[in-house]
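Coordinate analysis (summary)
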Amino acid sequence: MRKTLVSLALAAGVAGGALATAGSASAATFVPGGVYPSVQACSDAGNAGFPQGRWVGFYCQSLGYGQYELWVQPTY
């Protein structure tokens with residue numbers, strides 16, 4: 001079940017990325033940025049993207065079993 005959810009989320013992220021490059025995605029669109037073994041690791045990865053200019057916002061979503069998915073709001 002967990003692998004299915006991760007696969008679906010990754011597919012949604014790819015679709016969201018395709019829309020973003022087409023110019024039809026909103027600036028408020030969040031896309032998946034990875035899966036991490038703890039909320040701290042997820043937050044650290046999210047915060048690391050700010051100084052690099054990779055995204056303007058992020059949040060961590062619990063996937064269960066101690067894993068968290070990073071969702072990022074890219075700079076377009």
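Residues numbered from 1 in each chain as written. Predicted model: local features only at pLDDT ≥ 70, side-chain atom pairs only at ≥ 80, totals over all residues. Heavy atoms only, no water.

**Some points on the overall build of the protein chain**
This is how the line gets drawn: Helical segments are the DSSP runs of H or I of at least four residues, strand segments are the runs of E of at least two, and each set is numbered from the N terminus. Working definition: with a 1.4 Å probe on protein chains only, accessible area under 20% of the residue-type maximum means buried, over 50% means exposed, and in between means partly exposed. To be clear on the numbers: accessible area is Shrake-Rupley with a 1.4 Å probe, and residue cover counts the displayed protein chains and nothing else.
The helix and strand tally for the protein chain stands at two helices and three strands. Looking at the protein chain residue by residue over its 76 residues, the buried ones come to 26%. Counting only carbon and sulfur atoms, one obtains 61% of the accessible surface of the protein chain, whose full area is about 4600 Å².

**Section: the pairing of strand β3 (residues 67–74)**
Formally: A strand pair is defined by DSSP finding two or more bridges across the two strands.
Across the eight residues of β3, six count as buried, placing the element largely inside the fold. In terms of strand pairing, strand β1 (residues 31–36) meets β3 through five bridges, oriented antiparallel. By the bridge assignment, V35 is partnered in β3 with E69. Pairing between strand β2 (residues 55–64) and β3: eight bridges, direction antiparallel. Bridging across to β3, Q61 finds its partner in E69. Where β2 folds back onto β3 in an antiparallel hairpin, the turn is made up of two residues, including Y65, whose phi is positive at roughly 55°.

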